[in-house]
Amino acid sequence: VWRVIRQPQILDAWGFRRGAFEAALRLSLLFALPATVLLAGIGLSLGRFPIPRTFWIVLVLYPLWGIAQQFALQALVTRNLRGILPCLNARSLVVAGLFSLAHFPNAWLMLLVFPAGLVFTWVFERHRNIYAIGLVHGLLGSLAYYLILGQDPGADLLSMVSNILGR
């Protein structure tokens, strides 16, 4: 917050900007569409259909977490690696590796997020828009919770809210 107050232009450098949103979203969706088909196929083979209605709660909320994660990964890590690793391909591999390690110890998830880390880094470096890659991260993360992990964070969230409200 202090840095934004002192340097408001930093938001643009961090990718919090409207510019290039559509271009970044288009490129991200070129990855997300086949990834969605892959996740659906895995989910089908694991018997994870039908997806519970609580999926929609997660699909609405998870992009906020996706934006936060992409901010940490792209604006803080990728930007700071530019001086050390000027080659985008090398930088993307390192960032994707870190993104994968952040999902340890789930080997399936680590394997699945590595290519996402490559793509998100490449799209960020090309278009500098956190919103687009964060939204796509949220979509794929929501699907992964239900189809790969077999978890229902939407039901957990509803239960938590219900407990808070005393019902």
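Predicted, not measured: the structure shown is a model, and the values here were computed from it. Residue numbering note: each chain is counted from 1, following its sequence as written. With pLDDT at 70 or above as the cut-off, local features in this predicted model cover only qualifying residues; side-chain atom pairs require 80 or more to be listed or tallied, and sums for whole chains, interfaces and linings still use all residues. Side-chain numbers here rest on the full set of heavy atoms in the structure, without hydrogens or water.

S.K.: Any details on helix H3 (residues 21-45)? Residues and values, ideally.
M.R.: The first and last C-alpha atoms of H3 sit 35 Å apart over 25 residues, in line with the 36 Å expected at 1.5 Å per residue. The largest bend along H3 measures about 30° and falls at Leu29. Between buried and exposed lies partly exposed: a residue is buried under 20% and exposed over 50% of the maximum accessible area for its type, with that area taken using a 1.4 Å probe on protein chains only. Only DSSP runs of H or I covering at least 4 residues are called helices, and only runs of E covering at least 2 are called strands; the numbering of each starts at the N terminus. Here H3 has its buried residues at Ala24, Ser28, Phe31, Ala32, Ala35, Leu39, Ile42 and Gly43. In this description, contact between two residues means that some pair of their heavy atoms is separated by no more than 4.5 Å. Buried-residue contacts for H3 involve helix H6 (107-127) and helix H7 (130-148). An expected span of 1.5 Å times one less than the residue number is assigned to each helix. Consider a residue and the seven residues that end there alongside the seven that start there; fitting an axis to each set, the bend is the angle between those axes.

S.K.: How would you explain a nonpolar patch on the surface if you had to name every residue and give the values?
M.R.: A cluster of nonpolar side chains, namely Met160, Val161, Ile164 and Leu165, defines an oily patch on the protein surface of about 410 Å² accessible area. When you line up the elements, Val161 lands in helix H8 (residues 153-165). A residue is classified by how much of its surface remains accessible, and Val161, at 37% relative accessible area, is partly exposed. Only residues whose relative accessible area exceeds 30% and that form no salt bridge enter a patch; like-charged residues are grouped when within 9 Å of one another, and nonpolar side chains (Val, Leu, Ile, Met, Phe, Trp, Tyr) when within 5 Å. In short, Shrake-Rupley with a 1.4 Å probe defines the accessible areas, and a residue's cover is counted only from the protein chains shown. Salt bridges, as used here, are contacts in which a Lys or Arg side-chain nitrogen is within 4 Å of a carboxyl oxygen on Asp or Glu.

S.K.: Summarise the packing of aromatic side chains; cite the residues concerned and give the values.
M.R.: By convention, a stacked pair of Phe, Tyr or Trp rings (six-membered ring in the case of Trp) has centres within 6.5 Å and planes under 30 degrees apart, an edge-to-face pair has planes over 60 apart, and any other such pair is tilted. Counted according to the given criterion, the structure contains 7 aromatic pairs. When the ring of Trp14 is compared with that of Phe71, the centres are 5.2 Å apart and the planes differ by 75°; the resulting orientation is edge-to-face. Placement of the pair is Trp14 in helix H2 (residues 10-14) and Phe71 in helix H4 (residues 55-81), with a sequence separation of 57 residues. Measuring from centroid to centroid gives 5.9 Å for Tyr62 and Tyr145, while their planes differ by 75°, and the two rings are edge-to-face. On the criterion of sequence distance, the pair formed by Tyr62 in helix H4 and Tyr145 in helix H7 is long-range, its members being 83 residues apart. Taken together, the aromatic side chains of Trp14, Phe16, Phe71 and Tyr131 make up a single cluster linked through ring pairs. Cation placement over rings: the criterion is NZ of Lys or CZ of Arg within 6 Å of the ring centroid and within 35° of the ring normal. Above the ring of Phe124, the side-chain terminus of Arg128 is found at 5.8 Å from the ring centroid.

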